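Reading the structure
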Amino acid sequence: MLRFTLYLLPALASAVTYDQIRPILAERCAGCHQTGEIGPMPLTTYQQARPWAKAIKQAVLKRTMPPWHADAESSQRIHNSRRLSDGEVNQLVAWVDAGAKEGKPTAPIPSAKQDARWTWGKPDFVVRIPGYEVPASGTLRYTFLVTGTDLPEDRWISAAEWKIDQRAVVHHINAFIRPPGSSYVATAPKGQLYVASGAERSFRHPNEREIDRRELLVGYEPGYRPVAWGPRQAKLLKKGSDIVFEIHFTANGKAVVDHSELGIYFAKQPPEERLVTITPADSKLAIPPGDPNYRSFVWAELQADAKLVSLQPHMHLRGKAYRIEAVYPDGRRDLLIDVPRYDFNWQTTYFLKEPLKLPKGAKLECTGWFDNSANNPANPDPAKTIYWGDQSWEEMNVGFMEIAFDRRGDGDIVKLSDTTRPADSSKPLVNE
Ligand code: HEC
């Protein structure tokens, strides 16, 4: 009897009301669910949240919201995890189950809109999109913006920050450093928005090293917050390099013009560690029609000691699940990120809370699974064999990983399992 009472009391005492769950909505939801952001409805007041109560319960129980695709265990090591704790899920569900009452009146959740100022003060170099006209509807193609830097000497980039103008329409933007002589979208004119064909995008010089072609500087995706690199880390901007934006916008019902900006900061002195993004990729993949579980495997082997900073699995619409594992020279394995339900719409970069030290000889193994069956609702065509290509109806398996290492070493710090399309590929290059 006593046990029964003790069990029942807390439940009765705490009919959860809105004022109690408001901090969860503020912290975990309102960043996207506010006017002008990517979430379809604002959730910044009781009146706004109330009609969504049932949907909120369902979404958090099914863990479709917040969007986050890594599993519970590997998410614990991730600094930018959006995964709700079980306690937060229980609170939200308890609020809905208790009738989604208001409780004490509260102020609207303040807009977390990006500050008008740059986080780290005035940047040394700014790249600005010269007015991208996003129509109200329709599919928008990947668009490129090549900007020359025209600097007299090599520079070290200590930080880079996005200031996104029309956040509701930006699917993603990746900024790359393109060293002189690179084959990467080499046909795009400088200083203007340019839609490159598939062939222009995939063209590369024979035996060109990835580090000589392009290097990811920083990406933007919904939910982005500026992340500082380590205090003694920087990325190399070789004299004569360009900054290339790869831009993907999504029409959102209202025509807008975007002027997003990237601010770049130069280090005052050379860093101790150079940061680069390595990209093992499976350009040989060939996914049979209807195959529900095609596996693709690539790896990168470190040629010197390094620290792993971030990970970004990349596949397209048939991407199903992804894992990145570290394998130490003694054979020990460490599952770094496990993404059991990959979603192409969310190109998440997973930043480790603590950079992971890896010795020379360690391997980073990236496994992607693809669902080319009709059961995959995102599959554009289950009847086709699917090959490598950067259109979303083609496929990719790329493990983008940021690593830091002694700056005096060569930038080509890894041996990759595969980087180039086989010469005998039966598949023609796609030319849109
Ligand atoms: C990173 C951005 C982001 C965050 C954070 C986020 N949402 Fe969403 N939410 C979206 C987007 C975008 C959609 C539209 C559907 C989609 O794309 O999945 C959506 C849709 C929804 C829907 C509509 C039904 C559904 O499940 O599709 C609900 C309900 C919802 N979100 C609740 C929440 C709650 C509650 C939180 C916090 C616990 C939250 N969201 C956090 C971006 C976000």
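Use the structure listed above.
Looking only at helices and strands, the chain features eight helices and 22 strands. Its C-alpha atoms give the chain a radius of gyration of 23 Å, near enough to 22 Å, the size a compact globule of 432 residues would have. Taken along the three principal axes of its C-alpha coordinates, the chain extends 75 × 45 × 45 Å. Evaluated residue by residue, the chain yields a buried proportion of 50% over its 432 residues. A fraction of 82% describes how many contacts in the chain between residues 6 or more apart in sequence connect residues 24 or more apart. Looking at the chain as shown, the accessible area adds up to about 20,800 Å², and 53% of this sits on carbon and sulfur atoms.

The next point concerns the coordination of the iron atom of the ligand. Binding of the iron atom of the ligand to the protein goes through His33 (NE2) and Met65 (SD), at separations of 2.0 to 2.3 Å. Metal-centred angles of 88 to 179° between the six donor atoms at the iron atom of the ligand mark the site as octahedral. Placement of His33 in the loop between α2 (18–28) and α3 (46–49) and of Met65 in the loop between α4 (53–62) and α5 (72–75) is noted, with a sequence separation of 32 residues between them. Judged by its relative accessible area of 9%, His33 is buried.

Take the environment of Asp381 next. Take Asp381: it is sitting in the loop between β19 (363–370) and β20 (386–387). Using a relative accessible area of 24% as the deciding quantity, one classes Asp381 as partly exposed. For the pair formed by Asp381 and Gln76, sequence separation is 305 residues and the distance between their alpha carbons is 36 Å. Setting aside residues up to four positions removed in sequence, Asp381 forms contacts with Arg318 and Asn372. There is a polar contact of 3.0 Å between the side chain of Asp381 and the backbone nitrogen of Ala383.

Once that is clear, we can look at the nonpolar core. With 39 residues, the main nonpolar core has Leu308, Leu358 and Ile403 as its most contacted residues. If you list the elements that add at least two residues to this core, you get β12 (273–278), β14 (294–302), β15 (306–314), β16 (319–327), β17 (333–339), β18 (350–358), β19 and β21 (398–406). Inspection of this core shows a minimum of three residues originating in each of domain 1 (10–97) and domain 3 (276–416). The next biggest cluster of nonpolar side chains, apart from the first, holds 34 residues, and it includes Ile164, Ile173, Trp229 and Phe266.

Okay, helix α6 (residues 86–97) next. Taking 1.5 Å per residue as the helical rise, α6 with its 12 residues ought to reach 16 Å, and the 16 Å between its terminal C-alpha atoms agrees with that figure. Every buried residue belonging to α6 is among Glu88, Val89, Leu92, Val93, Trp95 and Val96, and all of these are buried. Down the axis of α6, the buried side of the element spans an arc of 155°, and every buried residue falls inside it. Opposite the buried face of α6, at more than 90 degrees from it, the exposed residues are Asp86, Asn90 and Asp97. Where α6 is buried, its residues meet α2, α3 and α4.

With that out of the way, let us pick up the sheet that holds strand β4 (residues 155–163). Taken in spatial order, the eight strands make up an open sheet running β1-β11-β4-β8-β12-β21-β15-β18, and their pairing is mixed. Taken across any chain shown, the strands that pair with only one partner, and hence form the sheet edges, are β1 (125–128) and β18. The sheet shows a mean angle of 40° between the axes of neighbouring strands, direction not considered. Judged from the two bridges that link them, strand β8 (residues 233–237) and β12 form a sheet pairing that is parallel. The partner of Ala234 across the bridge, within β12, is Arg274.

Quick look at the pairing of strand β11 (residues 261–266) now. Among the six residues of β11, five are classified as buried, and the element is accordingly described as predominantly covered. Pairing of β1 with β11 involves four bridges; the strand directions are antiparallel. Opposite Val127, over in β11, you have Leu262 as the bridge partner. As judged from the six bridges shared by β4 and β11, these two strands associate in the antiparallel manner.

At a minimum axis distance of 9 Å, the contact between α4 and α6 shows a crossing angle of 150°. When the axis of α4 is compared with that of α6, the two are roughly antiparallel. Considering how the two elements wind past one another, α4 and α6 form a crossing that is left-handed. On α6, the residues that touch Ala53, Lys54, Lys57, Val60 and Leu61 of α4 are Val89, Leu92, Val93, Trp95, Val96 and Asp97.

Turning our attention to the site of the ligand. In the neighbourhood of the ligand, 17 residues make up the surrounding shell, with Cys29, Cys32, His33, Pro40 and Met65 lying closest. Here a nitrogen atom of the ligand and a side-chain polar atom of His33 are 2.8 Å apart. Sort the elements by how many residues they give to the shell around the ligand and α4 lands first, with three residues.

Once the charged atoms of two side chains with opposite charge are near each other, the side chains can pair. Taken as a whole and assessed by the stated rule, the structure comprises 22 salt bridges. Where Asp97 meets Lys57, a salt bridge forms, and the shortest distance between an N and an O atom there is 2.8 Å. You can see Asp97 sitting in helix α6 and its partner Lys57 sitting in helix α4, a full 40 residues away along the chain. Of the charged contacts, one joins Lys307 and Glu273 as a salt bridge, the two residues approaching to 2.8 Å between their closest N and O atoms. Of this pair, Lys307 sits in strand β15 while Glu273 sits in strand β12; the two residues are 34 residues apart in sequence, bridging distant segments of the chain. On the accessibility criterion, Glu273 (16% relative accessible area) is buried. Through salt bridges with shared partners, a single ionic network connects Arg178, Lys190 and Asp242.

Analysis parameters
- Residues numbered from 1 in each chain as written.
- Predicted model: local features only at pLDDT ≥ 70, side-chain atom pairs only at ≥ 80, totals over all residues.
- Heavy atoms only, no water.
- Helix = DSSP H or I, 4+ residues; strand = E, 2+ residues; numbered from the N terminus.
- Rg over C-alpha atoms; globule rule 2.2 N^0.38 Å.
- Buried < 20%, exposed > 50% of the residue type's maximum accessible area, 1.4 Å probe, protein only.
- Contact = heavy atoms within 4.5 Å.
- Areas by Shrake-Rupley, 256 points an atom, 1.4 Å probe, with all protein chains shown as cover.
- Donors = N, O, S within 2.8 Å, 3.2 Å for Na, K, Ca; no water.
- Tetrahedral: all angles 85-135°; square planar, octahedral: opposite > 155°, others 65-115°.
- Polar contact = N/O pair within 3.5 Å; in protein donor to acceptor, adjacent residues only side chain to side chain.
- Core = buried A, V, L, I, M, F, W, Y, C linked by side-chain atoms within 4.5 Å.
- Domains from an automatic or database assignment.
- Expected span 1.5 Å × (residues − 1).
- Arc of directions from axis to C-beta.
- Pairing = 2+ DSSP bridges.
- Axes fitted to C-alpha atoms, helices over the stretch in contact; angles between N-to-C directions.
- Parallel < 35°, antiparallel > 145°, perpendicular 65-115°, else oblique.
- Left-handed = near helix turned anticlockwise from the far one by under 90°.
- Near = heavy atom within 4 Å.
- Salt bridge = Lys/Arg side-chain N within 4 Å of Asp/Glu carboxyl O.

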